[in-house]
Amino acid sequence: MPTPRQIQVTVNGRRYESTVEPRLTLADYLRHEISLPGTHVGCEHGVCGACTVLWNGRAVRSCIMLAVQADGSEITTVEGLATDGALNPIQQAFLEEHGLQCGFCTPGFLMTVTEMLEHNPNPSDEEIYDYLGGQICRCTGYQSILAAVRSAIQKKASA
Ligand code: FES
Ligand code: FES
């Protein structure tokens, strides 16, 4: 039986200290150990992007990362995007442009768009396609998601 490990992580600005099994995924840690179920788990093998979170500012798939690998790092999940209940411009754009239907893929899209606009505030359509190419949505047909991303770019530029 592997020995449980002590980890310290900061998630959405709050510091957590936990004892975890070495094989526990970051996704399961977030959802089940510290009660942040906004990160969704779909394929569980790194393909769909639903579980995307920011790890020290970089978008990663939390279903194929271990909680112990996050020791000492800063994580942002979808729960960390709004401020005092007010949606941020990316969330607002997805809402207004109907960038979601069932919403299962949405946390992953929001976190990936967050990282993209952090590094490239005015991406071309081709760059958006490249960035979001690893995120799978089974409902929207993607056009409304692209509209939401374009709207988010405008909102952030005028904020
Ligand atoms: S659940 Fe992690 S990539 Fe699909
Ligand atoms: S909104 Fe249903 S999977 Fe994307």
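The rules behind each value
The numbers attached to residues start from 1 for each chain and follow its sequence in the written order. Going through the entries in the order they are written, you letter the chains from A and number the ligands from 1. Two thresholds apply to this predicted model, a pLDDT of at least 70 for residue-level local features and 80 or more for giving and counting side-chain atom pairs, whereas whole-chain, interface and lining totals are computed over all residues. Values reported for side chains reflect all heavy atoms of the structure, with hydrogen atoms and water molecules removed beforehand. Only DSSP runs of H or I covering at least 4 residues are called helices, and only runs of E covering at least 2 are called strands; the numbering of each starts at the N terminus. Every radius of gyration here is taken over C-alpha atoms, with the globule rule written as 2.2 Å times N^0.38, N being the number of residues. Using a 1.4 Å probe on the protein chains alone, a residue whose accessible area is under 20% of its type maximum counts as buried, one over 50% counts as exposed, and one in between counts as partly exposed. Contact between two residues is taken to exist if any of their heavy atoms lie within 4.5 Å; hydrogens are not considered. With residues, only the protein chains shown are counted as cover, and all accessible areas are computed by Shrake-Rupley using a 1.4 Å probe. Definition of nonpolar core: a set of buried residues of the types Ala, Val, Leu, Ile, Met, Phe, Trp, Tyr and Cys, connected through side-chain atoms within 4.5 Å. Pairing between strands requires that DSSP locate at least two bridges from one strand to the other. Lines fitted to C-alpha atoms define the axes, with helix axes restricted to the stretch in contact, and inter-axis angles between N-to-C directions lie between 0 and 180 degrees.

**Student:** Provide a residue-level description of the overall build of the chain, including the pertinent values.
**Tutor:** Along the chain, the regular secondary structure elements total five helices and five strands. In the chain, the order of α-helices and β-strands from amino to carboxyl end is β-β-α-β-β-β-α-α-α-α. Computed over C-alpha atoms, the radius of gyration of the chain comes to 16 Å, within 12% of the 15 Å expected from 2.2 N^0.38 for 159 residues, which places it in the range of a compact globule. Structurally, the chain occupies a C-alpha span of about 50 × 30 × 25 Å along its principal axes. Expressed as a percentage of its 159 residues, the buried residues of the chain come to 44%. Considering only intrachain contacts with a sequence separation of at least 6, the fraction spanning at least 24 residues in the chain is 55%. If you sum the accessible surface of the chain, you get close to 8,500 Å²; carbon and sulfur atoms cover 48% of it.

**Student:** Give a detailed account of unusual backbone geometry, specifying residues and quantitative values.
**Tutor:** In this structure, Asn56 takes a positive phi of about 50 degrees despite not being glycine. The topology assignment puts Asn56 in the loop between strand E3 (52–55) and strand E4 (58–61). Of the residues examined, Asn56 reaches a relative accessible area of 48% and is grouped as partly exposed.

**Student:** Describe the nonpolar core, naming the residues involved and giving the relevant values.
**Tutor:** Phe94, Val113 and Val149 are the most contacted members of the largest nonpolar core, which totals 22 residues. Breaking this core down by element, the ones donating at least two residues are helix H2 (89–96), helix H3 (106–119), helix H4 (125–132) and helix H5 (143–158). Aside from chain neighbours lying at most four places away, what touches Val149 is Phe94, Val113, Met116, Ile128 and Leu132.

**Student:** Can you tell me about the sheet that holds strand E1 (residues 5–11), naming the residues and giving the values?
**Tutor:** The sheet built from five strands is open, its strands ordered E2-E1-E5-E3-E4 with mixed pairing. A strand with exactly one partner marks an edge of an open sheet, and here the two such strands are strand E2 (14–20) and E4. Each neighbouring strand pair of the sheet contributes to a mean axis angle of 40 degrees, computed without reference to strand direction. For E3 and strand E5 (residues 74–76), the ladder comprises two bridges, and the chain directions are antiparallel. Residue Trp55 lies in a different strand from E5, and its bridge partner there is Ile75. Contacts from H3 reach E3, E4 and E5, with the element oriented near 35 degrees to E3.

These figures come from the coordinates and say nothing about function on their own.
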